[in-house]
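Coordinates in review
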Amino acid sequence: MKSAAERCRRAALTLALLAGVAAHAQQPRDAEPSTAAAQEAARKGLPFADRTDFDDAGAGFIATLPDAAIEGIGGRPVWSMKPYAFLEAAATPPTVNPSLWRQAQLNAIHGLFKVADGIYQVRGFDISNMTLVEGASGIIVIDPLLTTEVARAGLELYFQHRPRKPVTAVIYSHSHADHFGGVKGVTSDADVAAGRTHVYAPEGFMEHAVAENIIAGNAMSRRAQFQFGPLLAPGPRGQVDAGLGKNLSRGTFSLIAPTDSIARMLDKRTIDGVEVIFQLTPGTEAPAEMNMYFPAARVLDMAENTTHTLHNLYTLRGAEVRDARAWSRYISDALEAFGAKTDVLIAQHHWPTRGTARIQAYLKRQRDLYKFVHDQTVRLLNQGYTPNEIAAALRLPSTLANDWAAREYYGTLSHNSKAVYQKYLGWYDANPAHLDELPPVEAARKYVEYMGGAQAVLERAREDFKRGNYRWVASVVTHVVYADPVNREARALAADALEQLGYQSEAGTWRNAYLFGALELRNGVTKLPAISTLSADALQAVPLDLFFDFLGVRLNATRADGKRIVINWNFTDTQQRYVLNLENAALTHTAGMPAADADASLDLTRTTLAAITLRKTTFADAVKNGAIQVTGDPRKLLELLSLLDEFEPMFEVVEPHPVR
Ligand SMILES: [Zn+2]
């Protein structure tokens, strides 16, 4: 429950922000002189005369849709490059890092492209690529994008230029949603069930595809808004790119479970007459991922293990960190196994690389890029350096710094080195002064008090802003915002500092994070309808263990203190039995035998459970209409449910959040 004081504070903040909107236009500002100078320095330091990537990105172009505009149900826009027309400007505006501007132009190239005889790609119809391989009797689709509308549009575009044939196979290169969510745009449950379409995926795919977005899903969805910038307006003072591609498509998400699992490290298969050698790369860019080599066409598909950016060892939306050592190892293995036999290297983001010698050189640099980040971080941490010190010390070696594919558009050396530190040593830097620090609001109040009050801090911070010390201004003024979130001057100055940092960022992800932070400081948290991180398809695949664990993470320990409730669950359609046990403010479950001392026993189906999870019905209604049959005391079930929190999807990020 929110306290009365808390509600007052929120109301005051809303009024202050509304007054602010009236008094000043809370619009993005121009680049400061320090930012313009930083952009100029970036321009001088990089080989902009090298246009090879533009040649590669345009090679094999066949056709596209006007502005790649794709609509969903009722004409709702699902994808369009039209808002990015500003990228055609001759000169880079001072509000965008010139290196990111270049990447954003490359990522704006869209259409159907021929890669090699019998292999095509649809690029720029989503953040990811869809690859189409012509088989003996039909089409093999590798990675059907994030949503069904864009996948269907991509396949239709292909059919306008190549013979229309059935989709005989779908291959998911890995367990991230932008590589499988559009599957029902290229095939159907019925075709898969009848064996007309086979679905291949690396071992562990389903588990990872559904698990990653559930337990911590609410936080990840909110944080993803900062990483990708979907609520920022595209433009020179807004969203320009996400580094890996433009943005995420906004259509219908789907999932069909694989029929064939690739489980051997090198697995040779013949799919619809096409020989494919799969190379499993577990624990790299995704927990379940695989590269694939097509010997007849001499094409190597590196999935998402090598792209035209330094990728993420840690993703800003929040996820478990990735293993740079394994990542580098698998690139090395791919180079050894396939490098000398490859004419075209493709990936499931970005554009191809052509020519065996160029490909080998590219794979070596990518291999070394991840090894460099790993080894240099570990070297420094073994010398006692801590995360911010290591991040400040790392610079790409001169031989990689001028390689566009090693630049920091998606991952950065800074946050990737922190991922390596976290993997080995965790969050604690071993300085006991940091072992039990005050939480942010308490600390902020003391900082501001010690520094002579908010006005004194802001005066000095404005001087630093003029000098271009935006990182410092953002850190110090955040204390003022946390000490007093209705201080409009503090919010405005913090926003201005984040904005200049965003303008200077080479990483699309950092730019989006900074600019979205600035937007929320100026205008408050964006109000959006609740978004479910689940779809009916994904939900069918969620194991019951994970479902009960997800109930557990919603248990409000304060309200549950001292309570003991035991419920038997009997799933009549799947013949599964679970006991859910609340005790010591922890919810645990066991499978198998029902508990003799249960307060209540439920008979239900998984379909009913899915309907409840998708909020199509409620437990109370399902009990009332008989979809759930209760023996024992039904009030105990309702009491247990009343102890579960509903997560707020749009929680505060750049300002203190109320106690919920
Ligand atoms: Zn991807």
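See the structure printed just above.
These lines cover the structure that appears in this document, whether it is placed above or below. (Residues numbered from 1 in each chain as written. Predicted model: local features only at pLDDT ≥ 70, side-chain atom pairs only at ≥ 80, totals over all residues. Heavy atoms only, no water.)

Quick look at the overall build of the chain now. Scanning the chain from N- to C-terminus turns up 24 helices and 21 strands. Here the chain has a C-alpha radius of gyration of 26 Å; the compact-globule value for 660 residues is 26 Å, and the two agree. With the C-alpha coordinates of the chain rotated into their principal frame, the extents come out at 70 × 65 × 55 Å. Taking all contacts inside the chain whose residues are at least 6 apart in sequence as the whole, residues at least 24 apart take part in 73%. (Helix = DSSP H or I, 4+ residues; strand = E, 2+ residues; numbered from the N terminus. Rg over C-alpha atoms; globule rule 2.2 N^0.38 Å. Contact = heavy atoms within 4.5 Å.)

All of the protein donors around the zinc ion are Asp 178 (OD), His 179 (NE2), Glu 304 (OE) and His 349 (NE2); their distances to the metal are 2.0 to 2.2 Å. One way to put it: the 4 donor atoms around the zinc ion meet at angles of 84 to 175 degrees, and that makes the site irregular. Expressed as a motif, the donor residue spacing for the zinc ion is D-H-x124-E-x44-H. The class for Asp 178 is buried, based on a relative accessible area of 11%. Judged by relative accessible area, His 179 falls into the buried class, the value being 0%. (Donors = N, O, S within 2.8 Å, 3.2 Å for Na, K, Ca; no water. Tetrahedral: all angles 85-135°; square planar, octahedral: opposite > 155°, others 65-115°. Buried < 20%, exposed > 50% of the residue type's maximum accessible area, 1.4 Å probe, protein only.)

When you tally the buried positions in helix H22 (residues 606–613), you get 6 out of 8 residues, the bulk of the element. Taken residue by residue, H22 has Arg 606, Thr 608, Leu 609, Ala 610, Ala 611 and Ile 612 as its buried positions. Next to the buried residues of H22 lie helix H19 (536–540), helix H20 (544–553), strand E17 (565–571), strand E18 (576–583), strand E20 (600–604) and helix H23 (619–624). A positive phi of about 60 degrees marks Arg 615, the residue just after H22.

Another aspect to go through is the nonpolar core. Counting residues in hydrophobic clusters, the biggest one holds 80 residues, and the most contacted among them are Met 130, Leu 132, Tyr 172, Phe 548 and Trp 569. Grouped together as the second largest cluster of nonpolar side chains are 34 residues, Met 302, Tyr 370, Val 378 and Leu 400 included. (Core = buried A, V, L, I, M, F, W, Y, C linked by side-chain atoms within 4.5 Å.)

With that settled, the discussion passes to the sheet that holds strand E10 (residues 260–262). Strands sit in the order E1-E4-E5-E6-E7-E8-E9-E10 across an open sheet of 8 strands; the sheet is mixed. Two strands in the sheet have a free side with no partner beyond their single neighbour: strand E1 (61–63) and E10. Mean inter-strand twist for the sheet, computed between neighbouring axes without regard to direction, equals 25 degrees. Where strand E7 (residues 139–142) meets strand E8 (residues 167–171), 4 bridges bridge the pair, whose relative direction is parallel. For Ile 142, the partnering residue across the bridge sits in E8 and is Ile 171. (Pairing = 2+ DSSP bridges. Axes fitted to C-alpha atoms, helices over the stretch in contact; angles between N-to-C directions.)

Remark: the centre distance and the inter-plane angle together describe each pair of aromatic rings, the angle taken between the planes. Tallied over the entire structure, the rule returns 22 aromatic pairs. Taking 5.1 Å as the distance between ring centres and 65 degrees as the angle between the ring planes, the aromatic pair formed by Phe 465 and Tyr 470 counts as edge-to-face. Like Tyr 470, Phe 465 is buried. An aromatic cluster of three or more residues is present, and its members are Phe 547, Phe 548, Trp 569, Phe 571, Tyr 578 and Phe 619. Over the face of the ring belonging to Phe 54 we find Arg 51, whose NZ or CZ atom lies 3.8 Å from the ring centre. In this structure, Arg 123 is placed above the aromatic ring of Phe 113, and the distance from its NZ or CZ to the ring centre is 4.1 Å. (Phe/Tyr/Trp six-rings, centres within 6.5 Å; stacked < 30°, edge-to-face > 60°. Lys NZ or Arg CZ within 6 Å of the ring centre and 35° of its normal.)

At a minimum axis distance of 8 Å, the contact between helix H17 (residues 488–504) and helix H18 (residues 508–523) shows a crossing angle of 160 degrees. Taken together, the axes of H17 and H18 are roughly antiparallel relative to one another. Crossing handedness for the pair H17 and H18: left-handed. In contact with Arg 491, Ala 494, Ala 495, Asp 496, Leu 498, Glu 499, Leu 501, Gly 502 and Tyr 503 of H17, H18 contributes Arg 511, Tyr 514, Leu 515, Gly 517, Ala 518, Glu 520, Leu 521 and Arg 522. Tallied by class, the residues present in the contact of H17 with H18 amount to 9 nonpolar, 2 polar and 6 charged. (Parallel < 35°, antiparallel > 145°, perpendicular 65-115°, else oblique. Left-handed = near helix turned anticlockwise from the far one by under 90°. Nonpolar A, V, L, I, M, F, W, Y, C, P; charged D, E, K, R; others polar.)

Next up on the list: the sheet that holds E17. Strand order across the open sheet formed by 5 strands is E19-E18-E17-E20-E21, with mixed pairing between neighbours. Because the sheet does not close on itself, it has two edges, and the strands there are strand E19 (586–591) and strand E21 (629–632). Averaged over neighbouring strand pairs, the angle between their axes works out to 20 degrees when direction is ignored. Note: E20 against E21, 4 bridges, orientation antiparallel. The partner of Leu 602 across the bridge, within E21, is Val 630. Here H22 sits on the sheet in contact with E17, E18 and E20, set at roughly 120 degrees to E17. Docked against the sheet, helix H24 (residues 634–642) engages E17, E18, E19, E20 and E21, running at close to 105 degrees with respect to E17.

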